[in-house]
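Read off the chains here:
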Amino acid sequence: DCLYQDVTNETKPGPLGLELALLIRELGERASVATINYDTVIEDALEAIGVEGTAVDHYHGTLPQFGNVDFDDPRFMVTQSDYILRGGDVIDHMVDQMNGCVTILVGMSLSDTNVISARFRTQDEALEAPCFALVVDELSGKVDSPEDQAVVAELRADQYRDSLGIEIVRLKSYSQVPQAIHEL
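Caption draft 1: Representation of the pairing of strand S6 (residues 131-136) in the model. Burial within S6 is extensive, with five of its six residues counted as buried. Alignment of strand S5 (residues 103-106) against S6, held across four bridges, turns out to be parallel. Each bridged residue has a counterpart across the sheet, and for Leu105 the counterpart in S6 is Ala133. Relative to strand S7 (residues 166-171), S6 is paired through six bridges, and the arrangement is parallel. Paired with Val135 across the two strands is Arg170, which belongs to S7.

Laid out in structure tokens, this is it:
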């Protein structure tokens with residue numbers, strides 16, 4: 001809901017997309033932008049605030065809202081077979097991008113094996129650049145009490161910090177994600 005505005009037959013950037021675009025504009029050439037989303041909402045947000053020339057790397061390919069999909073693009077991956085055949089190349093590319101750069105993971109549950117594998121490899125190379133993940137706790141209904149939810153979330157955060165060097169920024173709702181990006 002935060003990444004997109006609810007517009008019939010059209011994808012427009014929502015608060016998160018616009019905050020990401022503002023952060024990218026602020027960082028200028030220091031920003032390397034990548035996404036595992038197939039859509040072009042980040043590009044749309046950049047265009048909406050007048051930023052041109054910033055390349056957005058789509059690790060898994062793109063599905064433009066209008067126009068033709070390039071099924072021959074080697075990065076276009078949808079099926080598990082695609083990931084098995086070409087996932088290693090994607091991970092290599094992610095490692096190159098994360099290498100020595102501050103990385104901010106937004107909008108994922110830390111379950112994308114390509115992203116986690118890339119971070120693991122950069123961690124193995126003892127790189128000093130920090131990595132942050134903005135994560136919304138999604139344990140409601142899976143763990144009995146709010147206290148238990150907090151304990152489980154803290155254990156997960158410890159695991160990611162200790163094994164991958166990812167500092168978890170825990171948020172209570174998706175509506176907090178644009179604010180967190182704004183604060184960066």
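Caption draft 2: View of the sheet that holds S5. Read across the sheet, three strands follow the order S5-S6-S7 without closing on themselves; strand pairing throughout is parallel. This sheet does not close on itself; its edge strands, each paired only once, are S5 and S7. Looking at each pair of strands side by side, their axes are set apart by 20° on average, direction ignored.

Caption draft 3: Layout of the packing of helix H1 (residues 15-27) against helix H2 (residues 41-48). Relative orientation of the contacting elements H1 and H2 amounts to 65°, with a least axis distance of 8 Å. Judged on the interaxial angle alone, H2 and H1 are roughly perpendicular. Pair H1 / H2 crosses with right-handed handedness. Residues Gly17, Leu18, Ala21 and Ile24 of H1 pack against Ile42, Ala45, Leu46 and Ala48 of H2. Along the lines of polarity and charge, the residues of the contact of H1 with H2 split into seven nonpolar, one polar and no charged.

Caption draft 4: Here's a closer look at the confidence of the model for the protein chain. On average, the protein chain scores 77 in pLDDT, and the residues at 70 or more come to 77%. The secondary-structure element of the protein chain with the lowest mean pLDDT is strand S1 (residues 4-5), recorded at 52, while H2 shows the highest, at 90.

Caption draft 5: How the structure looks around a nonpolar patch on the surface. On the surface, Val102, Ile104, Phe132, Val169 and Leu184 cluster together to form a nonpolar patch covering roughly 400 Å² of accessible area. Considering the arrangement of structural elements, one finds Ile104 in strand S5. Owing to a relative accessible area of 32%, Ile104 belongs among the partly exposed residues under this scheme.

Caption draft 6: Expanded view of helix H5 (residues 146-164). When the terminal C-alpha atoms of H5 are compared, their 26 Å separation across 19 residues agrees well with the 27 Å that a helix rising 1.5 Å per residue should span. Within H5 the residues assigned to the buried category are Ala153, Ala157, Tyr160 and Leu164. Each buried residue of H5 lies within a common arc of 75° when the element is viewed along its axis, so the set occupies one face. Among the exposed residues of H5, those pointing more than 90 degrees away from its buried face are Glu147, Leu155 and Asp162. One or two residues past the end of H5 sits Gly165, with phi positive at roughly 70°.

Cut-offs applied
Residues numbered from 1 in each chain as written. Predicted model: local features only at pLDDT ≥ 70, side-chain atom pairs only at ≥ 80, totals over all residues. Heavy atoms only, no water. Buried < 20%, exposed > 50% of the residue type's maximum accessible area, 1.4 Å probe, protein only. Helix = DSSP H or I, 4+ residues; strand = E, 2+ residues; numbered from the N terminus. Pairing = 2+ DSSP bridges. Axes fitted to C-alpha atoms, helices over the stretch in contact; angles between N-to-C directions. Parallel < 35°, antiparallel > 145°, perpendicular 65-115°, else oblique. Left-handed = near helix turned anticlockwise from the far one by under 90°. Contact = heavy atoms within 4.5 Å. Nonpolar A, V, L, I, M, F, W, Y, C, P; charged D, E, K, R; others polar. pLDDT = per-residue confidence, 0-100. Patch = residues over 30% accessible without salt bridge, like charges linked within 9 Å, V, L, I, M, F, W, Y side chains within 5 Å. Areas by Shrake-Rupley, 256 points an atom, 1.4 Å probe, with all protein chains shown as cover. Salt bridge = Lys/Arg side-chain N within 4 Å of Asp/Glu carboxyl O. Expected span 1.5 Å × (residues − 1). Arc of directions from axis to C-beta.

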